[in-house]
Structure formats: structure tokens, C-alpha cells
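Next come the chains, spelled out residue by residue.
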There are 2 protein chains.
Amino acid sequence: MLQPTSHVSRPPPDSGLPNAALSSFRAVLGEPHALTSEQRLGQVETATFATSQRVLAILRPADRDEVRECLRIANRHGLPLYPVSGGRNWGLGSRVPPRDGSALLDLSRLDRILGYDERMGTLTVEPGVTFRQAYMFLREQGSSLALPVTGGPSGGSIVGNTVERGDPVGPFGERLDHVCALEVVLATGEVVHTGFSRYEGARAADLHRWGVGPATSGLFTQSNLGIVTRLTLWLEPTPVFHEGFSCSIPDGATLVRFLDTARELVRDGVLRPHALGIWNSYKFLAGRGRFPWSMTGGETPLDLGRLKGAEPWLAAGSVSASDDAIGRAMLAVVRERLEGVGLRLVFGSNGEGECAPPGVPSDRNMCSTYWRKRTPMPSDPNPDRDGCGVLWVCAALPFDGEETREVINVVERLIKNAGFEPNLGLISPSARCLYLYPSLMYDRDVPGEDERARACHDSILDWLVPRGYLPYRLGIQSMDALPPPREGYGAFMAALKTALDPHDILAPGRYDFRSHWPPDADPRYAGPSPRVGGGNA
Amino acid sequence: MLQPTSHVSRPPPDSGLPNAALSSFRAVLGEPHALTSEQRLGQVETATFATSQRVLAILRPADRDEVRECLRIANRHGLPLYPVSGGRNWGLGSRVPPRDGSALLDLSRLDRILGYDERMGTLTVEPGVTFRQAYMFLREQGSSLALPVTGGPSGGSIVGNTVERGDPVGPFGERLDHVCALEVVLATGEVVHTGFSRYEGARAADLHRWGVGPATSGLFTQSNLGIVTRLTLWLEPTPVFHEGFSCSIPDGATLVRFLDTARELVRDGVLRPHALGIWNSYKFLAGRGRFPWSMTGGETPLDLGRLKGAEPWLAAGSVSASDDAIGRAMLAVVRERLEGVGLRLVFGSNGEGECAPPGVPSDRNMCSTYWRKRTPMPSDPNPDRDGCGVLWVCAALPFDGEETREVINVVERLIKNAGFEPNLGLISPSARCLYLYPSLMYDRDVPGEDERARACHDSILDWLVPRGYLPYRLGIQSMDALPPPREGYGAFMAALKTALDPHDILAPGRYDFRSHWPPDADPRYAGPSPRVGGGNA
């Protein structure tokens, strides 16, 4: 595993970073904020799986104007910049760029909370603001509002999670429906404000999603078309009624019935999107502690079927409402319908799984990244640093019980055959779709595991994608792993990218699918041909 | 009022339409579908307010491939095309292009329902499919699902309403959150499929809003960046519980209390966004019949305060739920809170205002367009043809009682002073924002009314916009009426438009804000300077 310890700065000529560029960056940012030490570069080149991309420098702008200056310098030198907000994209690439030879643009110093309106329920943040920071801020203000949080680390960036379209947890729905007024720095250094926020003094700037004219905020999610330096997040009232429930799902036939009933509960507005999580036993165990080494006599993988005779699933959800009577009536529907298909519900706000109080960021899922480590999770966990192996697949399935069971069976088998635990979770982003997110948790310090995990990850995508189960998020290793899109999509992406980033300096290769651009696209943007980069499509 | 009756075809040289272009269009579409008769052109050049833009031809493609062919011909001849779906954008410009000299691309022959899935709740339509057609289709299928409808005419296009970001009515929320899988023909003729629908065989193509990579669907709403030739609409279950309520709001102080309470009801999820409408007496009357000529002795305007001693507002909403007990509990909250601020609610599914059964398109609001006409509304109403004067303003306000009252008072005064009835409505697209939509209803056959209505419309915008109350939709006469945006927005719009429409042939001037593009933008795209076009900002 890569873990360089040298403090020697890399000589820029070796690294590909022109001396002139480094001098310019240092003149703008100050020397302490344009880093090239082997140690620091090694840290940001390290993800939770094997990567080989080198980073030339770490740039730490203090504000939006310094971001713009960095872009100007990068344009002048044709140097790619890779922006990261919190850098905690664990399992999908952490801070590592998909291509070699970028400078990392670390936005964590832009960490101001710029606006807060309790009455209208808005919070305006910069990319360095973490879920924890926003939560503490609201607590200090005595706010009655809840922050829509993530299942990821409390130290994650709100902006980072939003622009990656990360999954929320809890009753507040899609984050992208709860943000507006993006401030975006384009690769050219131009600044764009989305929606009404482009008008000075617009009274609904923070209160309306699209403003007037084309709705452009979505363009800056899962993309490399701009750097979001500010956005407004919509807060929600803390529910008066919030009751968790969970149930064990003993077998596949029950899982099918559960899912088909859950779809109707979400469709009927009784369960909110994202307020339901379904984990298999392996994921449940990994969320609670480390691999049971003594139980298996030190052997891997864990086989729960052999050890315990069953591999049940656990579903955990919550019902939230602004009023007790409404909440009780909703919970009664949940109970009646799920018990009607043979499930036994356990109630309680402190139930299992996803039933934590809404709006409180938590690191409770962190421990799963240390699952296969032999040493305990430290008090300052850092999976990149500690050689935790984590590889996610994020696939979108129709919300259909039978179809989901069939996919699960195959994915489970692929993972077991590769010697890992089939750590599987499902969430319901809507009444129409399920997200299946298998994760491979391993120990990067065990020789050969990196390669084995990557091969297993790729085999899952290789099975899913041709059958129409596309990923809804991609790890940096898989940006070129998707099949050719239909008709003009490649030309469309090429037109957008070349128009907004004429020197191709912003995160090239990240969600731009350039391997499918038409042959006559600007050769400066040439990407790897499909299957050359990741090789896993 | 423009109402040409001649059947003579315009000679193309006069009209600016090259003979070669017309021949090419006719070769592709067939002669009956490339129209240049004075009569037909006059019809599409006629809106519900004065316009002077000339249309060179009407092109009626039968399918997507003919759309592409039309674009190719238009590119070759540098001829602007102005796409319309249903053409019922009454009050905001009907079918009239914002610029002179376009050919109208009438998409109404693309009228197929291409997909329907009762279990997943999806309906895939072409731009010519109307709300009524989709409703009848679902009825024939015995569907239990409801169509998210509009307050506009039942003959309106679902695609047209979606891409204009028209307001829905009823409990199903924003239409843009309920559509996916757009098929878009770019100006270049390239075809783009948004979200997962760009992958052949993607199982979640119709079930997921964004797919993977940049979220681009929003780009094709309120824009001239592409022609949507197909999309998937998400249907919702017909509510088991659906109860309408209404209340009279006698004065401004009560209106303030009502609005502040309503904001909390929407925030708390008890009232769904768009499930509440608030109309003043003038709007209410206009929605019920024609101007009371006998009561006023033939005089205009109507002054309810003088005639009846009061000008109360009427609020009408509905509570919907998938379960009776949930619905009753929600309705109890609505009742308790609104009665708590002194309002008296009247219940009933067949209540007043917006309480029609959800999912049923209706022409009930049509009669308001004939408000000032002396002749009765015909059985086939057509406000463009019949000289109905209609001019809308659509403004976004913070959802705040006091602030809304102040704005209303001014707008009311401006309209009264101009001799029109202050026909005002409010809807709640979210818990943060109110839409105020004053409309001027007049008789275009009365000399001078067109000019007076336009001046009044402009005076409203002139008051609202500098105070930060921006329009969330624009009439074709006001596309250049907004103030300069902050920073790089103009450059951003210019970059998008020039990249996606290199010959500037797609609806130039429509929501592209080119009067604020940077001076170095391609001169081919030059727009009027601000205040020259509409003169009303």
C-alpha cells in the first residue's frame, strides 16, 4: 500500500509541474498553501483501493477569488486541477483524480457559513463546511430545524456530497431538490450564480430552485463543468413524530414481498424516499464492529450461512410527521401492510439500522471500513491512511421485488466466489427505483487483496451493466467503464465541456464520458478508448 | 387586432423565406405540412396581446426524423425555427416567436403515447400529447393512477407545459420532479437522451431522474437549447382521501395571518406544494363568468369595493392522502391552525376554486379569458382567434404574509389605475416561495386596450423587478426585460447557446437573455440591447 513518509518536496520538473506554475500558485496562495511534499502528495494519492495516479501539487485557496486565480494559472499552463471539498469520497476514490498529473484544488479552507434564515429554513455554505459544522452551528443558534444529512462521515462536505449526488438518509428526500443558488466558478474563471441568485437583491434567490431561464444547477452535479463555491441548502422542520421500525427478513421470498409492499408505501407517501434502508446480515455486522476473527479461527471470508444457519436481511425505516396523530396513522398503515405480508415489526426511535434521530450527522457507519483490519479502529479514523480497503458499486434497479432478488443473488455469488463478504445494502430514492450498493471491505495490507477486490468489483459491473443495471455513481476507476450511449450524447457532452472548459483543465475524465465523444471532438480532450482505462466495462 | 383572412400564400422572397428552403421543407414534410398561407400565418402570429412578429412558414413534422430534417434545412439557410408543442401559451405569447422572421415548428403531429406502465407509474409521451388525451388514455386503460395536470387548458401539451415549467395544480408537486428520460433534438440535429435513457436497455431509464453524470434535463426547460421530442411522466396514485376546503379572507390583516399559517402547513407537509390557491374576488369572478355588464351599466372597470363594499380573497386547497385516517388527521391540523388564526373553513370535495378532483384536466379556467368580451364564450373557445386580451405577470415572492400584502397592494393599485380589474392569484410552489400572478383580461377589439394593457403590464414589471420580485416565467414580449445578471451569467449562457446551436437557429431570444451576453460573443447572436426590445424592464 502506498504510504510515503518522505518530507522531501518533489522537484517540479520530475513531477510535470512547471516551476513557473508553482511560483504563480505560491504567489497567490502563499507558500504554505501550495504543497508539493512527498508526504502530503502521497496522502492525497491514496484511496481505499489501488490507484496509480500522481498528484503534482496541493493547492489550498482561502476564498473564491483565490480559486479563480488558480484557474487562471492552470489555464495558462494547461495544468489540470482536481477540486475536492471534504475529500471523503471513500470507496469511490477519496481525493484521487481519475487522471495522472493534476494539481489537487483543496477547497476545505472555504469553510464559512454565509447565511442562515430560521423562518424560511435556509443555510448558505461554502464547500469546506461539513455536516458536523452545520449541525453544531444550528444547535448554537437554537434552531428548530433539521439538517438533511448523509450516511457518510460527519466530517464530509455538504457541497461535496451535493455535487456528487450522494445519498441522503432520513425523511428529507433528495438533496438536489433542497439546494439552490449555486455559485459556480467555471474553468475559465467566470462566476455563475444559478436561479434567481444571479440577480442582485432577488428576494427569492435562496427560496426558489430554478429562477427564470434554463435550470442549470444540475449541470454541476456529477460533472467537471464548474467548481461550486457556495450553495443554499433548505432545512426542514424537525419532525414532531419520528418513530423507527425494523424487521428481519429471513429469506428471499419474504424479501420480494417486503420490497413490493415497500414500493407501495413509498408511492403512497407513507414512507418517504430515503427513509428506508435494507441491509443484509453482512452489512449489518460490518456496521456494528469488525470481522469476527476468533469465530472464524482467523479465516476469511465469513460465511454466515455455515456459521449461523441463515443470512437474513434487516430492514429499518422511520415514519416522520409534523403531528402525532398524522404520524400514528402513517405508522399504522406501515404496520398493517408489512405485517400483512408476514413481517414482524419492532418499533422504537432508537431502533436498528437507519433509525437514528433525523438531522444528526453520525460516524456510525465508519467502522465498517475497518471491518477486515486486524487492529482496532483508531479514535481518528481515516480509511485512506489506515489501509482500509473499500470499493463500492452503486447500481440503480427498478423497485421490483423479484427482479431485485435475482440481481442480489448473482452479486452475492460473485462476491462470495471472490473471497469477500457480500456486504449489500438497498435504499429507496423513490417509489420507482432501488439503489443496490454492494461494498467490498478488505485489508489493503494483505498482499493481493487490492487486485482481487478490484477484479471482483469489475466483475460485478461487468454483470450488471450489460443487463441494464447502470451505476448511479461512479468510482474514479470506472469513469470510462460504461457502454457507449445512444445517438448524440457523446457529442453533447463534448460540446458542453469544450464550451465551458476550453483548455480542458477541470477534472478531466471525471463524469465526462469522453471515451465516447465523437472522433472529431477537439483532440486536446482525447480520453482513453473504452476498456483501456478501467478495463471493466 | 390582427386577424388576416386572405388565403393567398405569401411569396417567399417578400417574407424572407428562401424558395430553396421552402422547397426543401416541402420535400421532407409534404406540401400540406409546410404552410405559408396568409390565413394560417396570421393565426399563429396572433397572441392574446399585441405582437408584430411575422412568421415565415408553419412546418408540421410527423416524427422525430422530420424534426431533424427541418433543423438541417434551417441550419443550411440560417433560418430560425420556433418550436411549439400545443401552442396554448395564452397570456405569455401563444405561438408567436419573440423575434421576427422565424418558421414555426409545430410539433402537434407528434402525438403518440409511447409507453405506459401501471405498476411503476410511468407514461411516455410525445410533444403533441395533450393533458386530455393522456387522461382519456389512462381511463381507457382502467388505470388507478392520476395524471398531474395544469390549471391551463385540457388541450395543452404535457411536454410544452413541462419545458415551460408551467404550474401544476393539485397534490402532486412540481412537474419537473416527475419527468425523466427526455429525448432532445439539438439544433445541430444531434439527439440526446437524458439520464439513464441514454443507455440502450437501461432498466431504470424511465424510473430515475438523473442517471449518471451531469443532470441535464433542466437545461431544456425555459430555454432554446433543444427540442424535447419525448419524455416520461411519473403518474401518481389517485388519493384515497381527497378533501377540498375553502375560506373567505375578508381583509389584508387576515390575508397576512392566512399566508404565514399556510407557509407552516406546507413546510410541515400537511398541505402539499401547489395544493393551495388564493384568489382575490376579481379572479374568482372571472373564473366563474363574464364581466357583469348590466351591473356596471356597461362601464369598466368593475369596482367591487364600490359595488359590494368589500373585495375579499378566497383560498381553496385540498388535503390528499393514501389512507383515510392519515387524511383526516392532516385535515384536522389544517382546520385547527387556520381556525386558530380566525378563518372559517368550508369543506367539501366539490368546494370552490382549485378543489376539483385531482388528475382530471379541465377547461374551467378558460372562461376568464373571455371576461371582458361582449359576446359569450363559444363552444370551441380560442382566445387568440376571438380577440381575448390576456397578459400575465408571473412573479416569485418570499412566502411571507406581510411582504406579500405590500406587493399585492401596489400591484392592485397599478392595475386599477390603468382601468383594469386587479385579477390576482397566488400559489405556493414550496414552503419558501409564493407565486403571484396578476393577469390583465381585456377585449382586444376595444381600440387602445392593447396598448393600455401592455403599458400596465410593463408598469407592474417595472415596479416588481427593481425590488427583487423577479418573474419565474416570461411572456415573449419580456424576454429582454430583466436587469443585468451578476458576474459571468451572460458569458455562461452565450457559451451554452453557441456550443449547442452554432447557427443560432433555435428560437433565438427565447429565455437566452442575449442582451446581457458579453460584447465579445459571436456577433451572429447579437440581440437587442436591454430596453430596446420590450422597453419594460
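In case you missed it, the structure is sitting above this.
Residues numbered from 1 in each chain as written. Chains lettered and ligands numbered in written order. Predicted model: local features only at pLDDT ≥ 70, side-chain atom pairs only at ≥ 80, totals over all residues. Heavy atoms only, no water.

Some thoughts on the sheet that holds strand 4 (residues 102–106) of chain A
Sheet strands line up and pair through hydrogen bonds in the backbone, either parallel or antiparallel.
All names here are of chain A.
Now for step 1: Taken in spatial order, the four strands of this open sheet run 1-2-4-3, and their pairing is mixed. Each edge of the sheet is formed by a strand with only one pairing partner; in this case those strands are strand 1 (34–35) and strand 3 (81–84).
Now for step 2: Inspection of the sheet shows strand 3 paired to strand 4 by four bridges, in the parallel sense. Across the sheet, residue Val-84 finds its bridge partner in strand 4, namely Asp-106.
Now for step 3: Strands strand 2 (55–59), strand 3 and strand 4 of the sheet are contacted by helix 4 (residues 64–77), whose axis makes an angle of about 160° with strand 3. (Pairing = 2+ DSSP bridges. Helix = DSSP H or I, 4+ residues; strand = E, 2+ residues; numbered from the N terminus. Contact = heavy atoms within 4.5 Å. Axes fitted to C-alpha atoms, helices over the stretch in contact; angles between N-to-C directions.)

A closer look at the packing of aromatic side chains
Now for step 1: Under the counting rule described, the total for this entry stands at 20 aromatic pairs over all chains.
Now for step 2: With centroids separated by 5.8 Å and ring planes inclined at 40°, the aromatic side chains of Phe-492 of chain A and Phe-220 of chain B adopt a geometry described as tilted. Remark: Phe-220 of chain B occurs in the loop between strand 11 (191–193) and strand 12 (227–234) and Phe-492 of chain A occurs in helix 13 (residues 489–500); the pair is interchain, linking two chains. Like Phe-220 of chain B, Phe-492 of chain A is buried. (Phe/Tyr/Trp six-rings, centres within 6.5 Å; stacked < 30°, edge-to-face > 60°. Buried < 20%, exposed > 50% of the residue type's maximum accessible area, 1.4 Å probe, protein only.)

Here's the deal with helix 14 (residues 489–500) of chain B
Now for step 1: Compared with the 16 Å implied by 1.5 Å per residue over 12 residues, the 17 Å span of helix 14 of chain B between its first and last C-alpha is a close match.
Now for step 2: Most of helix 14 of chain B is tucked away, with 10 of its 12 residues classed as buried.
Now for step 3: Inspection of helix 14 of chain B places Tyr-489, Gly-490, Ala-491, Phe-492, Met-493, Ala-494, Ala-495, Leu-496, Lys-497 and Leu-500 of chain B among the buried residues, and these make up the whole buried set.
Now for step 4: Each element contacted by the buried residues of helix 14 of chain B is listed here: strand 11 (191–193) and helix 13 of chain A. (Expected span 1.5 Å × (residues − 1).)

Side note on unusual backbone geometry
Now for step 1: Residues Thr-300 of chain A and Pro-301 of chain A are joined by a peptide bond in cis, for which omega reads -10°.
Now for step 2: Here the phi dihedral of Gln-222 of chain A falls at roughly 40°; this positive angle occurs in a residue that is not glycine.
Now for step 3: Secondary-structure assignment places Gln-222 of chain A in the loop between strand 11 and strand 12 (227–234).
Now for step 4: Look at Ala-181 of chain B: it is not a glycine, yet its phi comes out positive at around 55°.
Now for step 5: As for its placement among the helices and strands, Ala-181 of chain B is situated in strand 10 (residues 179–185).
Now for step 6: Judged by relative accessible area, which is 8%, Ala-181 of chain B ranks as buried.

Considering the pairing of strand 10 (residues 179–185) of chain A
Residues and elements named next belong to chain A.
Now for step 1: Judged by how many residues are buried, strand 10 sits mostly within the fold: seven of seven residues are covered.
Now for step 2: Relative to strand 12, strand 10 runs antiparallel, the two sharing five bridges. Paired with Val-185 across the strands is Ile-227, a residue of strand 12.
Now for step 3: Where strand 10 and strand 11 come together, three bridges link them in antiparallel fashion. The partner of Val-184 across the bridge, within strand 11, is Val-192.
Now for step 4: Where strand 10 folds back on strand 11, the antiparallel hairpin that results is connected by five residues, among which Gly-189 adopts a positive phi of roughly 95°.

Some details on the side chain of Ser-430 of chain B
Now for step 1: Residue placement: Ser-430 of chain B occurs in the loop between strand 20 (425–427) and strand 21 (433–436).
Now for step 2: A distance of 3.0 Å separates a polar side-chain atom of Ser-430 of chain B from the backbone nitrogen of Arg-432 of chain B.
Now for step 3: When sequence neighbours within four positions are dropped, the list of residues in contact with Ser-430 of chain B reads Leu-207 and Trp-234 of chain A together with Val-266, Pro-273 and Phe-399 of chain B. (Polar contact = N/O pair within 3.5 Å; in protein donor to acceptor, adjacent residues only side chain to side chain.)

Some details on the relation of the copies chain B and chain A
Now for step 1: Overlay of chain B on chain A (RMSD 0.0 Å): rotation 180°, translation along the axis 0.0 Å. Taken together, the rotation angle and the small translation identify this as a two-fold axis.
Now for step 2: Residue by residue, 100% of the interface of chain B is reproduced at the interface of chain A, so both copies engage with the same surface. (Least-squares fit on C-alpha atoms with pLDDT ≥ 70 in both.)

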